[in-house]
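Examining the three-dimensional arrangement
Spelled out from the first residue to the last, the chains are:
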Amino acid sequence: ESCGNAARRIRRTLSLSVVMAACGAFARRRLCAAGMAGFIAGHRSVSNVDRWGRQARCAMGALQREKHTFSHAPAGVDLVVNSTPRIRLNDPAVNVVIPDVEQRSMLEHSSAPIVATQFGGDREALVYRSLYDFVPTGATMLSGRMFNAPIREDIVHTVVKWQLLSRRAGTASTKSRAEVSYSGRKIAPQKGRGRARHGDRGAPLFRGGGRSHGPKPRDWSYPLNKNVRRNGLRSALTSKYAAGRLWIVQTAELPPDAKSQSDLVDAMVRLGFESTLVIDWDHAGERKISPHFEKAAFKLENVLAMPPNGLNCYDMLSFQHLIISLPALHKLERRFLKYTSLC
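Residues numbered from 1 in each chain as written. Predicted model: local features only at pLDDT ≥ 70, side-chain atom pairs only at ≥ 80, totals over all residues. Heavy atoms only, no water.

**Notes on helix α7 (residues 153–167)**
Between its first and last C-alpha, α7 extends 21 Å over 15 residues, near the 21 Å set by a 1.5 Å rise per residue. Taken together, the buried positions of α7 are Ile 155, Val 156, Val 159, Val 160, Trp 162 and Gln 163. Along the axis of α7, the buried positions cluster into a sector of 160 degrees, meaning they face one direction only. Facing away from the buried side of α7, by more than 90 degrees, are the exposed residues Glu 153 and His 157. In the core, the buried residues of α7 are packed alongside α8 (226–242) and α11 (313–318). (Helix = DSSP H or I, 4+ residues; strand = E, 2+ residues; numbered from the N terminus. Expected span 1.5 Å × (residues − 1). Buried < 20%, exposed > 50% of the residue type's maximum accessible area, 1.4 Å probe, protein only. Arc of directions from axis to C-beta. Contact = heavy atoms within 4.5 Å.)

Have a look at this one:
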């Protein structure tokens, strides 16, 4: 409906008593703003509320887009069309405020949650010398693309489920009644001997027979969108930072006089870390990890070392603390540098 028709409808039917009655009725019944605007604008009957609400929504949408104000409004009524449409009367005791019809309709009739689509700012974190000399030596800025993203538990659950299914070997196999090594001869005549009506010996009913609907070798993996995988990794990193279980160290390399495994265990006990995931980057290592540290953590169940390319949601959730060396942190930030949004 055009703006002029809407203005004429309001001028013809709007009065103080109608507004007061409509506000009281809609406050008690908790109807949507679109129905309220349509009832005030149309004032026909309760059955026409939806129809007039749609027409009023179209008119108010056009007004908001064009930044238009009614210049021919009736006396005693001041219509102000801004981000929040208002209808004010001369009586100071009456102030009818109609929220944005499109926003209210979207919020009340949509069951999907409103999720942030942008990152926050960069975050600051202390930098410690090493695991064995856990003394702060400075601070560094963590990229908001990785450590200040919305925490989406549903996305993390989807990524973890995808990881676990992709890890399945899919080698379980059983034999059906056609594959077991039995003759296909009928074990007894159908009638005449008083025995049950059976077929061959390989039927699933008998011991040693084939299995009906048993598992067969299959591939459990399935493709998952890369954006979902990236956002799951961002959510896990952000949750570690928010929980205070993310630590940045200058290097993960062992001291020259360290006894590898025993000194690493002592360092974890001294810090009070029950389980730790260490992300390190070193070109000299076979797996791009510091060679001595990899050897020390190889046989420990509560310590896992991996390069930045292997960082994943499942391992971050499995270990209590996450330790990242500065070279690994820089490599991770370069990896996420080109992604400026969550989609």
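**Quick look at the packing of aromatic side chains**
Under the definition given, this model contains five aromatic pairs. Each ring, one from Tyr 128 and one from Trp 247, has its centre 5.9 Å from the other, and the planes form 65 degrees; the classification is edge-to-face. Taken together, the positions of Tyr 128 in strand β4 (residues 123–128) and Trp 247 in strand β6 (residues 246–249) put the pair 119 residues apart, joining distant regions of the chain. According to the relative accessible area criterion, Tyr 128 is buried, its value standing at 12%. Residue class for Trp 247 comes out buried when judged on its relative accessible area of 18%. Here the aromatic cluster, defined as three or more aromatic residues joined through ring pairs, consists of Tyr 128, Phe 134, Trp 247 and Phe 273. If you follow Arg 168 out to its NZ or CZ, it ends over the ring of Trp 220, 3.8 Å from the centre. The ring of Trp 281 carries the charged tip of Lys 331 above its face, separated from the ring centre by 4.4 Å. (Phe/Tyr/Trp six-rings, centres within 6.5 Å; stacked < 30°, edge-to-face > 60°. Lys NZ or Arg CZ within 6 Å of the ring centre and 35° of its normal.)

**Focus: the pattern of salt bridges**
All told, the structure shown has four salt bridges when counted by the stated rule. For Asp 200, the salt bridge goes to Arg 177, with nearest N and O atoms at 2.7 Å. In this pair, Asp 200 is assigned in the loop between α7 and α8 and Arg 177 in the loop between α7 and α8, connecting sequence segments 23 residues apart. Across the pair Lys 216 and Glu 179 runs a salt bridge, and its minimum N-O distance is 3.0 Å. (Salt bridge = Lys/Arg side-chain N within 4 Å of Asp/Glu carboxyl O.)

**Structural notes on the confidence of the model for the protein**
For the protein, the average pLDDT comes to 74, and 63% of its residues sit at 70 or higher. Segment residues 14–49: pLDDT under 50, and 54 contacts once partners within four positions in sequence are set aside and those in other chains are kept. Of the regions scoring below 50 in pLDDT, residues 62–114 engages in 75 contacts with residues more than four places distant in sequence or in other chains. (pLDDT = per-residue confidence, 0-100.)

**Focus: the environment of Arg 270**
In this structure, Arg 270 sits in helix α9 (residues 261–271). Since its relative accessible area comes to 52%, Arg 270 is described here as exposed. What Arg 270 contacts, discounting residues up to four positions off in sequence, is Leu 131 and Tyr 132.

**Digging into the side chain of Ser 130**
Considering the arrangement of structural elements, one finds Ser 130 in the loop between β4 and β5 (136–142). Every residue in contact with Ser 130, bar those within four places of it in the chain, is listed here: Val 249 and Thr 251.

**Looking at the sheet that holds β5**
Strand order in the open sheet formed by six strands is β5-β4-β6-β9-β7-β8, with mixed pairing between adjacent strands. Two strands in the sheet have a free side with no partner beyond their single neighbour: β5 and β8 (303–306). Going across the sheet, the axis of each strand differs from the next one's by a mean of 30 degrees, ignoring polarity. Bridge analysis of strand β7 (residues 276–279) against strand β9 (residues 321–325) gives four bridges, and the strand direction is parallel. In the strand pairing of β9, Thr 276 is matched with His 321. Lying on the sheet, helix α12 (residues 326–335) is in contact with β4, β5, β6, β7 and β9; it crosses β9 at an angle near 90 degrees. (Pairing = 2+ DSSP bridges. Axes fitted to C-alpha atoms, helices over the stretch in contact; angles between N-to-C directions.)

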